[in-house]
Amino acid sequence: QVQLVESGGGLVQPGGSLRLSCAASGSIFRINVMGWYRQAPGKQRELVATITSGGSTNYADSVKGRFTISRDNAKNTMYLQMNSLKPEDTAVYYCNANIWRLGFSRSNDYWGQGTQVTVSS
């Protein structure tokens, strides 16, 4: 079994910063692409950023220059450094990872439970 656990969400004032973490655990052989997604009330889930196992990154236009995605392959952990936060960044942030489990012939996508980020004064 595989688990993704997010942490680091909370309430922050506009212009502030937060750092999210996503730790993967379980019978993992290899983690391919990892990513952060978010879903605001009444809206569809949207891509925030992705990172490959080699470190190549991709960002939504709305967060470019403010958010930085990174990962520690040795710890099976991904991070999202969020700076210059805006009220429109308020959402539940979800971790996603494409994981090849030990003993399996193909990889699958897994999701964390989500962590709330609220940007408000």
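Residues numbered from 1 in each chain as written. Predicted model: local features only at pLDDT ≥ 70, side-chain atom pairs only at ≥ 80, totals over all residues. Heavy atoms only, no water.

A. Fine view of the state of the cysteines. For the structure on display, the rule yields one disulfide. The partner cysteine of Cys-22 in its disulfide is Cys-95, sulfur to sulfur 1.8 Å. Since a negative S-S torsion denotes a left-handed disulfide, the Cys-22-Cys-95 link at about -60° is left-handed. A residue pair is termed long-range when its members are at least 10 positions apart, and Cys-22 in strand E3 (residues 18–26) and Cys-95 in strand E9 (residues 91–101) qualify at 73 residues. Side by side, Cys-22 and Cys-95 carry an identical accessibility label, which is buried. (Disulfide = S-S within 2.5 Å. Helix = DSSP H or I, 4+ residues; strand = E, 2+ residues; numbered from the N terminus. Buried < 20%, exposed > 50% of the residue type's maximum accessible area, 1.4 Å probe, protein only.)

B. The sheet that holds strand E7 (residues 67–72), seen in detail. Pairing is antiparallel across the open sheet formed by four strands, whose spatial order is E1-E3-E8-E7. For this open sheet the edge positions go to strand E1 (2–7) and E7, each flanked by a neighbour on one side alone. Averaged over all pairs of adjacent strands, the angle between their axes in this sheet comes to 15°, without regard to strand direction. (Pairing = 2+ DSSP bridges. Axes fitted to C-alpha atoms, helices over the stretch in contact; angles between N-to-C directions.)

C. Highlighting the side chain of Arg-66. Note that Arg-66 resides in the loop between strand E6 (57–59) and E7. Aside from chain neighbours lying at most four places away, what touches Arg-66 is Gln-81, Met-82, Asn-83, Ser-84, Leu-85, Lys-86 and Asp-89. (Contact = heavy atoms within 4.5 Å.)

D. Up close: the environment of Glu-6. Inspection of the secondary structure puts Glu-6 in strand E1. Note: C-alpha distance between Glu-6 and Gly-114 (108 residues apart in sequence) is 6.3 Å. Among residues more than four places away in sequence, those in contact with Glu-6 are Ser-21, Cys-22, Trp-36, Tyr-93, Tyr-94, Cys-95, Gly-112, Gln-113, Gly-114 and Thr-115. Only 2.7 Å separates the side chain of Glu-6 from the backbone nitrogen of Cys-95, close enough to count as a polar contact. (Polar contact = N/O pair within 3.5 Å; in protein donor to acceptor, adjacent residues only side chain to side chain.)

E. Molecular detail of a nonpolar patch on the surface. A surface patch of nonpolar side chains, about 420 Å² in accessible area, is lined by Phe-29, Trp-100, Leu-102 and Phe-104. Tracing the backbone shows Trp-100 in strand E9. (Patch = residues over 30% accessible without salt bridge, like charges linked within 9 Å, V, L, I, M, F, W, Y side chains within 5 Å. Areas by Shrake-Rupley, 256 points an atom, 1.4 Å probe, with all protein chains shown as cover. Salt bridge = Lys/Arg side-chain N within 4 Å of Asp/Glu carboxyl O.)

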